[in-house]
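A closer look at the structure
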Amino acid sequence: MKLRLGTRGSELALTQSRWVAERLRAANEGIEVEEVVLSTRGDSDLASPLHTHDTPGLFTKELERALLADEIDLAVHSLKDLPTATPGGLLLAAIPVREEPWDAWISPRFPDLVDLAPGARVATGSLRRRAQILNLYPHLEVVGIRGNIDTRLATAEERGDAGLILAAAGLRRIGRAERIRATFSVSEITPSPGQGALAIEVRADDAATIAAVFPLEDPIARAEVTAERAFLAALDGGCHLPIGALARVLGTRLTIVGMVATPDGDRLLRLGGEGRAADPAAAGEALAATIRRSGGQEILDALAEAPAPPPEGTP
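Fair warning: this is a prediction, and the values are worked out from it, not measured in the lab. Counting starts from 1 at the beginning of each chain's written sequence and moves along it residue by residue. With the structure being a predicted model, the display of local features is reserved for residues of pLDDT at least 70 and the display and counting of side-chain atom pairs for 80 or more, all residues being used for whole-chain, interface and lining totals. To get the side-chain values, take all heavy atoms of the structure and skip hydrogens and water.

1. Comments concerning the sheet that holds strand β2 (residues 32–37)
Pairing is mixed across the open sheet formed by five strands, whose spatial order is β2-β1-β3-β10-β4. Each edge of the sheet is formed by a strand with only one pairing partner; in this case those strands are β2 and β4 (90–94). Strand-to-strand twist of the sheet, defined as the mean angle between neighbouring strand axes without regard to direction, takes the value 35°. Along the sheet, helix α1 (residues 11–27) contacts β1 (2–7), β2, β3 (74–78) and β10 (198–203); its crossing angle with β1, the most-contacted strand, is approximately 160°. Being paired, for any two strands, means DSSP has found at least two bridges between them. Only DSSP runs of H or I reaching four residues or more are called helices, and only runs of E reaching two or more are called strands; each is numbered from the N terminus. For every element, the axis is a line fit to its C-alpha atoms; helices are fit only across the contacting stretch, and the angle between N-to-C directions ranges from 0 to 180 degrees. The contact definition used throughout considers only heavy atoms, calling two residues in contact when any of these lie within 4.5 Å.

2. Let's talk about the nonpolar core
Residues grouped as a nonpolar core are buried Ala, Val, Leu, Ile, Met, Phe, Trp, Tyr and Cys residues, joined through side-chain atoms within 4.5 Å. Exposure classes here rest on a 1.4 Å probe applied to the protein chains alone. A residue is buried below 20% of its type maximum, exposed above 50%, and partly exposed in between. Formed by 21 residues in total, the largest nonpolar core has its most connected members in Phe231, Ile243, Leu254, Ile256 and Val260. Taken together, the elements giving at least two residues each to this core come down to α8 (219–234), β11 (243–250), β12 (253–261) and α9 (280–305). A per-element tally of this core places α9 first, with seven residues. Not counting the four nearest positions on each side in its chain, Val260 is found in contact with Pro242, Ile243, Arg267, Leu268, Leu269, Ile291, Gly296, Ile299, Leu300 and Leu303. In this structure, Val33, Ala93, Ile200 and Leu216 belong to the second largest nonpolar core, which totals 17 residues.

3. Overview of the pairing of β3
In the case of a regular strand, side chains alternate between the two sheet surfaces. Judged by how many residues are buried, β3 sits mostly within the fold: five of five residues are covered. Every second residue of β3 is oriented toward a common face, with Leu74, Val76 and Ser78 on one face and Ala75 and His77 on the other, all of them buried. Note: β1 against β3, two bridges, orientation parallel. Within β3, the residue paired with Leu5 across the bridge is Leu74. Relative to β10, β3 runs antiparallel, the two sharing five bridges. Among the inter-strand pairings, Ala75 is bridged to a residue of β10, identified as Glu201.

4. Quick notes on the confidence of the model for the protein
The share of residues in the protein with pLDDT of 70 or more is 90%, and the mean pLDDT across the chain is 91. Contacts from residues 42–56, a stretch scored under 50 in pLDDT, to residues over four places away or in other chains number 36 contacts. Per residue, pLDDT captures the predictor's confidence, and it can take any value from 0 to 100. Long-range and interchain partners of residues 311–315, a stretch whose pLDDT sits below 50, account for 20 contacts in this model, where long-range means more than four residues apart.

5. Quick word on the packing of α8 against α9
Two elements in contact, α8 and α9, have axes whose closest approach is 7 Å; the angle formed by their N-to-C orientations is 35°. The hand of the α8/α9 crossing is right-handed. On α9, the residues that touch Ala223, Thr226, Ala227, Ala230, Phe231 and Ala234 of α8 are Pro280, Ala281, Gly284, Glu285, Leu287, Ala288, Ile291 and Arg292. Classes in brief: Ala, Val, Leu, Ile, Met, Phe, Trp, Tyr, Cys and Pro nonpolar; Asp, Glu, Lys and Arg charged; the others, Gly included, polar. In terms of residue class, the contact of α8 with α9 is made up of 10 nonpolar, two polar and two charged. Should the near helix be turned counterclockwise from the far one by less than a right angle, the crossing is left-handed, whereas a clockwise turn marks it as right-handed.

6. Some points on helix α3 (residues 61–68)
For α3, the full list of buried residues reads Leu63, Glu64, Ala66 and Leu67. Buried residues of α3, viewed axially, fall in a sector of 160°; they line one side. Its buried side turned inward, α3 meets β1, β3, β4 and β10. Two residues or fewer after α3 comes Asp70, characterised by a positive phi angle close to 60°. Think of it as the arc spanned by the lines of direction from the helix axis to the C-beta atoms.

7. Here we look at the sheet that holds strand β9 (residues 182–183)
The strand order β7-β6-β8-β5-β9 describes an open sheet built from five strands, whose pairing is mixed. The open sheet is flanked by β7 (141–143) and β9, the only strands paired with a single partner. Pairing between strand β5 (residues 103–106) and β9: two bridges, direction antiparallel. Counterpart to Trp105 in the pairing with β9 is Ala182. Sheet strands touched by helix α4 (residues 127–136): β5, β6 (121–123), β7 and β8 (163–167). Its angle to β8, the strand with the most contacts, is close to 130°. Packed onto the sheet, helix α5 (residues 149–159) meets β5, β6, β7 and β8 and runs at close to 165° relative to β8.

Here you go:
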């Protein structure tokens with residue numbers, strides 16, 4: 001059996017896809033995996049801040065098009081990049097074991113954000129991170145940044161930024177874990193829904209490929225990201241809005257923390273909830289309803305009425 005695996009061409013995407021390919025070969029005797037590299041709109045436009053793109057699936061749509069056109073048999077995504085609605089005819093066939101979901105602080109000089117003087121520049125390409133940084137440390141300046149991990153690391157150093165914030169999972173996957181000075185707790189910077197997880201997407205009628213990828217499924221990761229994505233969907237939130245969520249499975253129970261904020265960090269609401277691990281979507285939806293009732297609806301209305309400007313200093 002030969003599988004055509006679709007992937008983006010960044011170092012992180014290729015590392016993730018090759019990790020999946022190795023495990024597919026280990027789980028399926030005699031299987032061949034061919035790597036098919038595709039470019040997405042998010043890869044070709046490295047100038048615009050992520051939140052200015054109003055098209056869902058900035059980093060995933062081209063891979064899904066190729067799947068539906070039978071040009072590839074499976075696609076490997078960073079789950080946090082996937083819109084919450086899966087296109088008709090496609091299926092998230094496996095969620096492998098999850099890497100750590102935390103955001104990480106990278107700085108050559110400062111151990112943590114608390115060590116920064118007023119006006120110090122912190123780089124991030126995420127409105128979610130920007131909002132939470134400014135909520136905790138309104139005296140800091142948040143500047144935008146784009147590009148792959150190594151490009152962001154180099155740009156922040158060249159500009160003299162105090163540091164930058166990236167997903168710890170990506171740094172670990174490409175062997176840059178030594179650059180992490182600190183990681184943020186869920187109550188400091190709540191991660192993006194699905195952060196640290198991968199998704200293997202296939203055609204829903206492709207039984208052979210579904211069977212081949214099934215051994216890579218991790219039930220705990222599936223439950224956690226299902227709760228987080230249900231929370232995001234219930235808030236009608238896109239991948240690039242200032243919304244965060246993190247779920248954890250503890251035996252038969254699932255806990256979830258959700259966050260919504262205005263991009264300037266002036267208003268931020270973070271609450272927790274709990275539910276059954278066997279019904280993770282219900283836990284995510286229930287927390288979203290609680291967030292709305294507790295003041296989150298006003299924040300969501302503000303987001304809809306006044307789209308955020310790009311962070312100052314966006315290259």
